[in-house]
Amino acid sequence: MATLSSTPTMLNLASKASKLLSKRLFSTTKVATAKQMTVRDALNSALDEEMEKDERVFILGEEVALYDGAYKVTRGLWKKYGDKRVIDTPITEMGFAGVAVGAAMAGLKPVCEFMTFNFAMQAIDQIINSAGKTFYMSAGRVNVPIVFRGPNGAAAGVGAQHSQCYGAWYAHCPGLKVISPYTSEDARGLLKAAIRDPDPVVFLENELLYGVQYPISDEVLSKDFVLPIGKAKIERPGKHITIVAHSKAVETSLEAAKELAGKGIEVEVINLRSLRPLDFNTITASVVKTNHLISVEQGWPTCGIGAEILARIMESEAFYHLDQPAIRVTGVDTPMPYTKSLEGAALPQVADVVKAAKKLMKVK
Amino acid sequence: MALSKNVCVLFKRCFQNKLSFKYLSTHSQPPIFPGAKAEWTQKLEFTGTHSYSPLPIYQVLDQQGQIIDASEDPKLNSNILEKMYKDMTLLNVLDKILYESQRQGRISFYMTNYGEEAAHIGSAAALTTNDVVYGQYREVGVLLWRGFTLPELMNQCYGNAEDKGKGRQMPVHYGSKNLNFVTISSPLTTQMPQAAGAAYALKGKNRVVICYFGEGAASEGDAHAALNFAATLDCPVIFFCRNNGYAISTPANEQYRGDGIGGRGPGYGINTLRVDGNDPLAVYNATRKAKEYAITESKPVLIEAMTYRVGHHSTSDDSSAYRSKEEVDHWSTNQNPVNRFRMYLQNNNLWNDELEKKWLAEARKNVISAFEEAEKRPKPNWSEMFKDVYETMPDYLVKQMESMQKHVEQYKEHYPVKNYSK
Ligand SMILES: Cc1ncc(C[n+]2csc(CCOP(=O)(O)OP(=O)(O)O)c2C)c(N)n1
Ligand SMILES: Cc1ncc(C[n+]2csc(CCOP(=O)(O)OP(=O)(O)O)c2C)c(N)n1
Ligand SMILES: [Mg+2]
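Residues numbered from 1 in each chain as written. Chains lettered and ligands numbered in written order. Predicted model: local features only at pLDDT ≥ 70, side-chain atom pairs only at ≥ 80, totals over all residues. Heavy atoms only, no water.

Chemist: Describe the environment of Gln 136 of chain B, and please don't skip the residues or the numbers.
Modeler: Residue and element names in this part refer to chain B. Positionally, Gln 136 belongs in the loop between β1 (132-134) and α5 (140-146). Under the relative-accessibility criterion, Gln 136 is labelled buried at 5%. Separated by 106 residues in the primary sequence, Gln 136 and Arg 242 have C-alpha atoms spaced 9.8 Å apart. Dropping the residues within four chain positions of it, Gln 136 is found in contact with Ile 184, Ser 185, Leu 188, Gln 191, Tyr 212, Phe 213, Gly 214, Ala 217 and Arg 242. Within the structure, the side chain of Gln 136 is placed 2.8 Å from the backbone nitrogen of Gly 214, a separation counted as a polar contact. (Helix = DSSP H or I, 4+ residues; strand = E, 2+ residues; numbered from the N terminus. Buried < 20%, exposed > 50% of the residue type's maximum accessible area, 1.4 Å probe, protein only. Contact = heavy atoms within 4.5 Å. Polar contact = N/O pair within 3.5 Å; in protein donor to acceptor, adjacent residues only side chain to side chain.)

Here's what the structure looks like:
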C-alpha cells in the first residue's frame, strides 16, 4: 500500500547516540558566527514592524495586551502602541473573530490571536464562512485582509483537546491562505507577508518552537524582508529521498536526514512553509530527482497534508518517477493522550522517519 | 403556541364586535405582538443599567461569623457543618501540596481553588450525589464533598495506571461516573449547553443538574445558547456562576458592562439569585432554594456567587503581573471564607484550636500519603493509547497496535517497560 502511515516507536538509544554525533559534526561546519533569534522574537518583531509601518494593523485576542499574550508573542506591543491597537477581548472566540472580520471589511488589517488554534474551533464559522468567502461572494469588492494566528499542533502535556494540528482543516478551504512556519526566518518573513496580504491568512505557529533559536541573517532582519506565500524551502538538499514536512515535523525530518546521511542515504528535506497554496512544483522537481517520497506531519493521517501530497503526485507525471510507493509518516490516528510517554509515542519520531526511509531504500 | 392562540382569540373578539373595534383608539388596546408581553408608552426613554438597581447580594453570615437574620439560619446539624469545614480546609491542604508538586516538576499542571471554598462546599452540600454536576475546572471542593477520594484525585493528577481516565487528560480534569460528576472539558463553556441538555433528559425525575462556570466563560457564545435553551425548554438546571473577579489576567470589568452575570438572568426569563460566594450558609440556602424551584417548576435558575480568585489562575500564570499584593491580601485575610466559617463554628462551640490542629495534621498526612502512593504507581499500559477511540477497535488501529507490540518486544531493553503497567 502506498499510504502506509507511521508505526509509532520511541527513540532508541542507538539513534540518540548518532543524533548527538551528527549534531556535533554539523555545528562545526555551519554558520558559527551567525546571529540567532527565537521564533517568538521573530514573530514579535514582525508584528512590531508591520504595526509601525501600517497604522491600520492592530492586534486583538485574549490576554494579548497587558499580559503580553498567553505565550508572550505580543510582548511589549501594548506598551508601545496602546489600547487602540492592542486589544484584550472578553473570552469569546466567535465574537472577536467576527469583530476582526468586520474591522477588515471596514478597511483595517486585524491580526487576530487565538490563545491556541484549539479554541479557534469556536470561531471556525467566522474564519471559513465569512473571512474565507466574502471576497468571492462580494464579486471581488470586499477584501478581508486578516491574519488569524496562534499556536497549532501538539504541545506538551496538555492532552487531547489542546493538542492537534489544524493544518489540513484550513488547507481544505478555498479563500484562505494557510501558513505553517518552521524557523525564525519563516516566522518573520511569512508573518510580515501575511499581514501585508490582501486575503485572509491562517498562520499556524507551534508552541514548542517559540523558544527555539535559529540562525538569522541580516537580510532576514531587514524591515523590508518578506517571504513569498506559497513557496516551499529546500532545507537540505539530497538525491536519494524527498521528505516533505511542515512546522515541527521539519525538525524531525532534518534529524532523520542527518542520521541517514551517516548510512549513505542522502535525503532532500522540503519545508513546505505554506499549506495553501501548496508549492507542488518544488515537490515534483525533487521527486523527479530522488524517485522516493516520504511525507512527515504531526497531524492525523486521514485527509491530511501527506494524503494531499501523495494524491497529487499520483495524479501527476511525477508518479512515473517513483521507484517505490510513497510513505506517509503521521501522528497516530487517535486523540492525543496526556501521559508524557504515550504523547511521544503518538507523534512521529526520528526513528519512524528513518524506518520509512530504510524501507524505501530496501536497507536494513 | 400559547401566544399565537391568544392572538387569534383577540382578533376573533375584535371581528365579532366590529363596532367597538372601529371606535377604539389603538393605545387603549393592549399590545398583541407575538414577540413580547408589554404595555404601550408615550414617553421615549432609554432602558439601561440606570433603570434598575443592581441585584443585591444575599448573605447569612457576617464577617465575624454571626448569623445576621436568625430566620435565614439553615439550621444544619453539627455533622454536616463539621464536614463542610473539613472539606473546605482539606481543599486548602490539597491545593498547597499539589501546587508545590507542580513547582517541583512532579506533575505537569495544576489549578488551585483558594478563595472559592465556600462556593464549592456550600453549593455541594445543598444537593445530593444523585444531582448531576457539570464543572469548569475550579470545583474540586464539590468532588471532595461527594466523596471523591484523595487517591482518586492524586491518580488523576499523575495519570497513572489507577487513574480512571487512563492518563488521557491533563491534571485537574477530574470526572466520576459514580458521583455524577461529568469529566472536565478544556475548551471553555462547552459544559453549559450540555448541562441544559442533561437537565432536559432528567426532567420530571426529581433530579437537577448544576453547572459551574466562571464569569469569563460566561462571555462565550455557548453561555448565551445554554441560558436561552434552558429557559425555552424548561430545563431543571442550576447555572452556578463563580464570579471570582478574574479570567486569567482579564478583570471582570473588562469582561462585561452589565450588572455582572446575574443581571442577565431576567433577560432570559430565568429566576436569578446573587449570593455572597464567601458565605457557605448563604450559598447553601441559595442552592437549596434553586433546587426546589428547579424541580417543582421544571425551570432553570441562575446563581451568581460573588467571590475572589486568591491563587494564580494556574501553574502557568503569575498574577503579580496584573494585580497588587495588597488586593490579594485583602481577600485572603479580611474576606477569607474559611476563616469566616471557622468563626461561625467556634461561636457555636463546634470547633476549637485543638480540633483545628489535630485535623490539619491528619489532613496533611492523608494528602501526602495519597500523593506518594500515586507517584509510585506505574503508568498505564502503552497499548491504552489505541483503545477507546471507538467502541470496537478498527482494523487499522489493531494493526498499528500489533506493530508497536512487536517493536517494543524486540527492543524492550531500550524502553522503560517496567514503568508501565502490564
Ligand atoms: C446559522 C443559521 N442557522 C439557520 C439558518 C436557517 N434560517 C434562515 S432564516 C431562519 C429564521 C430566522 O428568523 P428571524 O431571525 O426571526 O428572522 P425573520 O425570518 O423572522 O425575519 C432560519 C432558521 C441560517 N440561515 N443560518
Ligand atoms: C474556548 C477557550 N478559550 C480560551 C481558553 C483559555 N482559558 C482557560 S481558563 C480561561 C479563563 C477563564 O476564566 P473564568 O471563566 O472567569 O474562570 P476562572 O479561571 O476565573 O475560574 C481561559 C481564557 C479555553 N480553555 N477555552
Ligand atoms: Mg473568573
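Chemist: How would you sum up the packing of helix α6 (residues 150-158) of chain B against helix α13 (residues 353-376) of chain B? Please name residues and give values.
Modeler: Residues and elements named next belong to chain B. Running from N to C, α6 and α13 point in directions that differ by 40 degrees, and their axes come no closer than 8 Å. In this view, α6 runs oblique relative to α13, as classed from their interaxial angle. As α6 runs across α13, the sense of the crossing is right-handed. Between α6 and α13, the contacting residues are Leu 150, Pro 151, Met 154, Asn 155 and Tyr 158 on the first element and Asn 366, Val 367, Ala 370, Phe 371, Ala 374 and Glu 375 on the second. Across the contact of α6 with α13, the residue classes break down as eight nonpolar, two polar and one charged. (Axes fitted to C-alpha atoms, helices over the stretch in contact; angles between N-to-C directions. Parallel < 35°, antiparallel > 145°, perpendicular 65-115°, else oblique. Left-handed = near helix turned anticlockwise from the far one by under 90°. Nonpolar A, V, L, I, M, F, W, Y, C, P; charged D, E, K, R; others polar.)

Chemist: So what's going on with the coordination of the magnesium ion (ligand 3)? Residues and values would help.
Modeler: All names here are of chain B. Every protein donor of the magnesium ion (ligand 3) is listed here as Glu 215 (OE), Glu 215 (OE), Asn 244 (OD1) and Tyr 246 (O), and their distances to the metal cover 2.1 to 2.8 Å. Each donor residue of the magnesium ion (ligand 3) lies on the same chain, and together they follow the pattern E-x28-N-x1-Y. Taking relative accessible area as the criterion, Tyr 246 reaches 10% and is therefore assigned buried. (Donors = N, O, S within 2.8 Å, 3.2 Å for Na, K, Ca; no water.)

Chemist: Talk me through the environment of Val 60 of chain B; I want residue IDs and the actual numbers.
Modeler: Residues and elements named next belong to chain B. The residue Val 60 is located in the loop between α2 (18-23) and α3 (78-103) in this model. For Val 60, a relative accessible area of 1% puts it in the buried group. Those residues in contact with Val 60, other than ones at most four positions away along the chain, are Gln 66, Ile 67, Ile 68, Glu 72, Asp 279, Leu 281, Ala 282 and Asn 285.

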